Amino acid sequence: MSEPLRIGVLGAARISASSLIGPARATGHRVVEVAARDRSRAEAYAAEHGVERVAGSYAELVADPEVEVVYNPLANGLHGPWNLAALAAGKHVLSEKPSASNAEEAAEVREAAGKAGAVFMEAFHYLFHPVTRRLHEILASGEIGELRHVEALVAIPAPPDTDPRWSLPLAGGAVMDLGCYSLHALRMLAPWAGGAPRLVSARGGERAGAPGVDEWLDADLAFPGGASGSARCHMAYDRLEMSCRITGSRGEAFAPNFVLPHTDDRVVVRTPSGERTERLGTRSSYTYQLEAFASRVRGGTALPLDADDAVETMTLIDTAYRAAGFEPRPRVS
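Everything numeric here is computed off the predicted structure, so don't read it as measured data.

A.B. asks: Please provide a residue-by-residue account of the pairing of strand S14 (residues 274-279), values included.
C.D. replies: In summary, the side chains of a regular strand alternate between the two faces of the sheet. Alignment of strand S13 (residues 266-271) against S14, held across six bridges, turns out to be antiparallel. Looking at the pairing, Arg266 lines up with Arg279 of S14.

And the structure:
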């Protein structure tokens with residue numbers, strides 16, 4: 001194995017245990033430092049997860065010469081500013097999605113990545129798991145015929161009212177937290193659809209008590225080859241559902257949970273000749289993602305995601321917000 005990555009983590013977010021700490025342990029990479037707004041919280045986090053040391057601030061971590069990769073799982077509105085700070089310090093960046101608050105800020109992150117000559121990737125981990133790779137293979141093989149329609153729904157029960165995902169100043173909302181997966185999954189079908197999809201229409205509902213913040217949003221899209229798409233998200237749903245259904249002229253392929261495939265690794269294929277269920281493995285999509293990111297940093301291996309892709313996704317998010325009567329998320333002031 002090549003030399004382990006030396007990773008610094010911004011914040012003591014719960015998600016990091018499954019999205020980075022576990023995968024780093026599984027793949028032999030080092031989590032050398034963590035920083036949080038409250039140093040005692042960072043110290044407790046480091047002790048619990050075996051992080052080598054604690055930085056006094058986000059800025060101190062970003063400036064540390066031993067940190068070569070910055071992982072940014074902060075609240076959405078803090079992705080852009082700290083991605084920019086890390087890139088300015090010459091670090092590689094693995095940023096939780098979305099990469100910024102809006103497309104304008106995402107374009108600044110892209111420019112900073114280019115200037116730094118650093119690897120920048122938005123953490124759409126689902127794309128690296130065999131479940132999503134298999135959906136693409138089935139479509140490419142022609143088994144279900146020409147692409148006709150795709151529907152992605154990413155929905156969860158409501159977080160508490162105090163959760164930053166309901167905060168407009170912190171770039172919250174259902175699309176930012178969940179719908180970005182639906183929209184991204186549709187964008188990734190471009191090779192089999194005559195090109196990237198365009199937004200046709202969108203409608204959404206505002207969260208009670210959170211002006212300007214979307215509780216749900218449904219977007220209708222159209223592909224150049226004639227196929228249609230539906231990208232839906234809901235952050236106050238009656239259950240967790242993260243499904244993707246790809247319908248072709250001769251059948252369909254369905255993933256019950258494409259976003260967290262290690263919890264349900266099925267792909268169900270239905271054609272006139274019958275139905276079958278494939279199981280693609282419960283290894284974490286985050287582990288596949290970290291392996292791919294490390295291969296890019298250490299060996300220059302190509303990635304399916306980069307700063308250009310992040311700008312395209314944010315542009316589509318902003319377009320969907322405007323079409324549904326919302327404003328794109330503001331930058332943190």
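Let's pick the thread back up.
A.B. asks: A description of the packing of helix H1 (residues 15-27) against helix H8 (residues 285-299) should follow, citing residues and the corresponding values.
C.D. replies: Close contact between H1 and H8 brings their axes to 8 Å; oriented N to C, the two are set at 60°. Relative to H8, the element H1 is oriented oblique. With respect to the hand of their crossing, H1 and H8 are arranged in right-handed fashion. For the pair H1 and H8, contact is made by Ile15, Ser18, Ser19, Leu20, Pro23, Ala24, Ala26 and Thr27 and by Tyr286, Thr287, Leu290 and Glu291, respectively. Classifying every residue of the contact of H1 with H8 by side-chain character gives seven nonpolar, four polar and one charged.

A.B. asks: Can you tell me about the pattern of salt bridges, naming the residues and giving the values?
C.D. replies: It is possible for side chains of opposite charge to pair when their charged atoms get near one another. Counting across every chain of the model gives 34 salt bridges. Among the salt bridges present, the one from Glu108 reaches Arg331, with a minimum N-O distance of 2.8 Å. With a gap of 223 residues between them, Glu108 in helix H5 (residues 103-116) and Arg331 in the segment after helix H9 (307-323) connect regions that are remote in the sequence. Judged by relative accessible area, Glu108 falls into the partly exposed class, the value being 31%. The exposure class assigned to Arg331 is partly exposed, which follows from its relative accessible area of 31%. Residues Asp218 and Arg232 are paired through a salt bridge, measuring 3.7 Å at the closest nitrogen-oxygen approach. With a gap of 14 residues between them, Asp218 in strand S9 (residues 214-222) and Arg232 in strand S10 (residues 228-234) connect regions that are remote in the sequence. Within the structure, one salt-bridge network assembled from shared partners comprises Arg30, Glu33, Glu52, Arg53, Asp64 and Glu66.

Reading guide: rules and limits
- Residues numbered from 1 in each chain as written.
- Predicted model: local features only at pLDDT ≥ 70, side-chain atom pairs only at ≥ 80, totals over all residues.
- Heavy atoms only, no water.
- Pairing = 2+ DSSP bridges.
- Helix = DSSP H or I, 4+ residues; strand = E, 2+ residues; numbered from the N terminus.
- Axes fitted to C-alpha atoms, helices over the stretch in contact; angles between N-to-C directions.
- Parallel < 35°, antiparallel > 145°, perpendicular 65-115°, else oblique.
- Left-handed = near helix turned anticlockwise from the far one by under 90°.
- Contact = heavy atoms within 4.5 Å.
- Nonpolar A, V, L, I, M, F, W, Y, C, P; charged D, E, K, R; others polar.
- Salt bridge = Lys/Arg side-chain N within 4 Å of Asp/Glu carboxyl O.
- Buried < 20%, exposed > 50% of the residue type's maximum accessible area, 1.4 Å probe, protein only.

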